[in-house]
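These are the residues of each chain, in order.
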Amino acid sequence: MTNDLLLCRRLNDIIIEKPNITSKIIQLIPATEGASDPFTAFRTDENTLDIGLTKKTYLSIFKEAHIFWHNNLVPYAPNFEEYWHNDREKLINTYYMTLGYLLTTNENHTIIRLHELTFWQIWKTSPNSRQFLLSEFEILTVLISSRLKRINKSSSLWLMVKKISIALIFHEIMNAGVPGTIELYQVLVNRILKSCEIHFANYYASGFLKWCIRFNFILYKNTDSTQIRRSMAEMNAMILNSLVLLCHQKLTDVSLWTTLEVYLRESRRKLSSSEHTIDEYNLVIDQLTTLGKADLTKIIALSEKVMPEFDVEDFQVQQINWLLKANCSALSPYVALITPLPALSLKTSLQLQTMISFAYKNEKEKLTNFEETREGNTLYSSKAKFASVLYHLLLKDIV
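Trainee: I'm lost on the overall build of the protein chain in this one. Help?
Mentor: Scanning the protein chain for helices and strands turns up 16 helices and three strands. Considering only C-alpha atoms, the protein chain reaches an extent of 75 × 60 × 40 Å along its principal axes. In the protein chain, buried positions account for 52% of the 399 residues. Pairs at least 24 apart in sequence give 72% of the contacts found in the protein chain among residues at least 6 apart. Charged side chains in the protein chain number 43 positive and 41 negative. The centres of these two groups are separated by 3 Å.

Trainee: Teacher, can you tell me more about helix α7 (residues 155–174) here?
Mentor: The largest bend along α7 reaches roughly 50 degrees and is located at I166. Taking burial as the measure, the 20 residues of α7 include 18 buried ones, the bulk of the element.

Trainee: Is there a simple way to think about the packing of helix α3 (residues 88–104) against helix α5 (residues 129–144) in this case?
Mentor: When two helices pack together, their arrangement is given by the angle between their axes and by how far apart the axes lie. Closest axis-to-axis distance for the α3/α5 pair is 11 Å, and the angle between their directions is 20 degrees. Classified by the angle their axes make, α3 and α5 are roughly parallel. As α3 runs across α5, the sense of the crossing is right-handed. Of the residues in α5, those in contact with Y95, L99, L102 and L103 of α3 are F132, E136, I139, L140 and L143. Along the lines of polarity and charge, the residues of the contact of α3 with α5 split into eight nonpolar, no polar and one charged.

Trainee: Teacher, can you tell me more about the sheet that holds strand β3 (residues 48–53) here?
Mentor: Strands pair in a sheet through their backbones, by hydrogen bonds, and they do so in one of two ways: parallel or antiparallel. Taken in spatial order, the three strands of this open sheet run β1-β3-β2, and their pairing is mixed. The open sheet has two free edges, formed respectively by β1 (23–28) and β2 (39–45), since each of these has just one partner strand. Going from strand to strand, the sheet's axes swing by 25 degrees on average, the running direction of each strand aside. The strands touched by helix α2 (residues 55–73) within the sheet are β1, β2 and β3, with β3 carrying the most contacts at an inclination of about 80 degrees.

Trainee: Just checking my understanding: could you explain the packing of α3 against helix α4 (residues 109–125) for this structure?
Mentor: In the contact formed by α3 and α4, the axes pass within 9 Å of each other and the chain directions differ by 140 degrees. In terms of their interaxial angle, α3 and α4 are classed as oblique. In this structure, the crossing between α3 and α4 has a hand that is left-handed. Across the interface between the two elements, R88, L91, I92, T94, Y95, M97, T98, L99, Y101 and L102 of α3 pack against I111, I112, L114, H115, T118, F119, Q121, I122 and T125 of α4. Its residues assigned to classes, the contact of α3 with α4 shows 12 nonpolar, six polar and one charged.

Trainee: Teacher, can you tell me more about the environment of G207 here?
Mentor: You can see G207 is positioned in helix α9 (residues 203–222). Taking the C-alpha atoms as reference points, G207 and T141, 66 residues apart in sequence, are found 15 Å from one another.

Trainee: I tried to follow the pattern of salt bridges on my own but got confused; where do I start?
Mentor: For side chains bearing opposite charge, pairing can occur when the charged atoms are close. Summed over all chains, the structure comprises 12 salt bridges. One connected set of salt bridges, linked through shared partners, spans K24, E138 and R191.

Trainee: Could you clarify how one ought to interpret the environment of R150 in this entry?
Mentor: Position of R150 among the secondary structure elements: in helix α6 (residues 149–152). For the pair formed by R150 and Q353, sequence separation is 203 residues and the distance between their alpha carbons is 43 Å. Once residues within four sequence positions are removed from consideration, R150 is found in contact with T104 and N106.

Trainee: What's the story with the pairing of β1 in this structure? I'm lost.
Mentor: Regular strands place their side chains on alternate faces of the sheet. Taking burial as the measure, the six residues of β1 include five buried ones, the bulk of the element. In this sheet, β3 lies alongside β1 in parallel orientation, the contact comprising six bridges. Among the inter-strand pairings, S23 is bridged to a residue of β3, identified as T48.

Trainee: Is there a simple way to think about the packing of aromatic side chains in this case?
Mentor: Two descriptors summarise a pair of aromatic rings, namely the distance from one centre to the other and the angle between the planes of the rings. Enumeration over the complete set of coordinates arrives at 21 aromatic pairs. Here F68 and Y83 contribute two aromatic rings whose centre-to-centre distance is 6.3 Å and whose plane-to-plane angle is 85 degrees, an arrangement assigned as edge-to-face. One end of the pair, F68, is in helix α2; the other, Y83, is in the loop between α2 and α3, and 15 residues separate them in sequence. Taken individually, F68 and Y83 each receive the classification buried, so the pair is uniform in this respect. Considering the side-chain rings of W211 and F215, the 5.2 Å spacing of their centres and the 15 degrees angle between planes classify their relative orientation as stacked.

Trainee: Explain unusual backbone geometry here, please?
Mentor: Note: most residues except glycine have negative phi, and most peptide bonds are trans. The peptide bond linking A77 to P78 adopts the cis configuration, its omega dihedral lying at -5 degrees. Positive phi, close to 60 degrees, is recorded for N86, a residue that is not glycine. In this fold, N86 is placed in the loop between α2 and α3. Although it is not a glycine, N327 sits at a positive phi angle of roughly 55 degrees.

Trainee: Just checking my understanding: could you explain the state of the cysteines for this structure?
Mentor: Two cysteines joined by a covalent bond between their sulfur atoms form a disulfide. Within this structure, the stated rule accounts for zero disulfides. Free cysteine C212: the closest other cysteine sulfur is in C196, separated by 10 Å.

Trainee: I'm lost on the confidence of the model for the protein chain in this one. Help?
Mentor: Regions with low pLDDT should not have their predicted coordinates read in detail. Of the residues in the protein chain, 95% reach a pLDDT of 70 or more, and the chain-wide mean stands at 90. Looking across the protein chain, the model is least confident in α6, with a mean pLDDT of 86, and most confident in α3, with 97.

Basis of the calculations
- Residues numbered from 1 in each chain as written.
- Predicted model: local features only at pLDDT ≥ 70, side-chain atom pairs only at ≥ 80, totals over all residues.
- Heavy atoms only, no water.
- Helix = DSSP H or I, 4+ residues; strand = E, 2+ residues; numbered from the N terminus.
- Buried < 20%, exposed > 50% of the residue type's maximum accessible area, 1.4 Å probe, protein only.
- Contact = heavy atoms within 4.5 Å.
- Lys, Arg positive; Asp, Glu negative; His and termini not counted.
- Charge placed at Lys NZ, Arg CZ, Asp CG, Glu CD.
- Bend = angle between axes of the 7 residues up to and from the residue.
- Axes fitted to C-alpha atoms, helices over the stretch in contact; angles between N-to-C directions.
- Parallel < 35°, antiparallel > 145°, perpendicular 65-115°, else oblique.
- Left-handed = near helix turned anticlockwise from the far one by under 90°.
- Nonpolar A, V, L, I, M, F, W, Y, C, P; charged D, E, K, R; others polar.
- Pairing = 2+ DSSP bridges.
- Salt bridge = Lys/Arg side-chain N within 4 Å of Asp/Glu carboxyl O.
- Phe/Tyr/Trp six-rings, centres within 6.5 Å; stacked < 30°, edge-to-face > 60°.
- Disulfide = S-S within 2.5 Å.
- pLDDT = per-residue confidence, 0-100.

What follows is the structure in structure tokens.
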């Protein structure tokens, strides 16, 4: 039994053995002649560990998990718990098998349910349950920030990350709990952002980031604790700064720009608009209580205590100015920045209209100089598209 699932165990060990590294990127690499280790782990910088595996290793992990599944679990279906009843080694091996499947298959709901079942059963009897929770957090967040597209875009995997994050991070922050939780939250956000960076239009990653943003503002507005408020302000600043950098790199990635739009909306919204986020949080608490018999408390009532000090309109002007200087010809960034406020102040509205109108007139003058050579001229096409977006903004009275 102990010789089973060697690759699954080895990958698990590589992921969890260096917990202080911000990014761990699993990716497929070309085979190297003479290489004996199925995995190639190397540091690209002090904050990043690349975990490379060949396609042969990737397929071997799937085969290893698949054989174990058919030889040991299938005969007990659907009563899988009978297989490992009173046998901790069998329980742990089943958990390792599910890790192999999570890496190599997408949306296998039987395996996902089995993974959660085995994880929480091991957790309940673990002498160091928090450490096992941290290991699970490490594994799942590394999977969602991998370069494997099919795995990265597994909705069930992202839901498991949310559950483990609520148990390990959000619940603790809400109750001013375990020291180091904010640092762990920073790791989570960095890995979500890395997932957005690696995979274009990553709506699962951006959807989770939107949830984090909403939850941050809920805690900030709803607490009397200066410590919690300060921590949420720091997390919001980190998210905003990183998100802006990513948005500037990916002008056409609507998933990122709509996440920035959510941030701006939540900066000004009242808590009454946060009910869906709270309902989702409480639903996960119920699920965790059922799975792990964990002692977790729900959010029962909300009361507005303070609003964040963030000048949304000043931020909008700065970012629109940046887009104009960058000759951004994608419409969605402008819309994401302008629409979060139902009514701009007269001063800001006039300022934005003036900026966009001036840019439009300037582009129209430049286009006139290209009239004779515009056929096949890529520069003309680029400027024409930019001018068209500016005209649309003015015509639709968005500002």
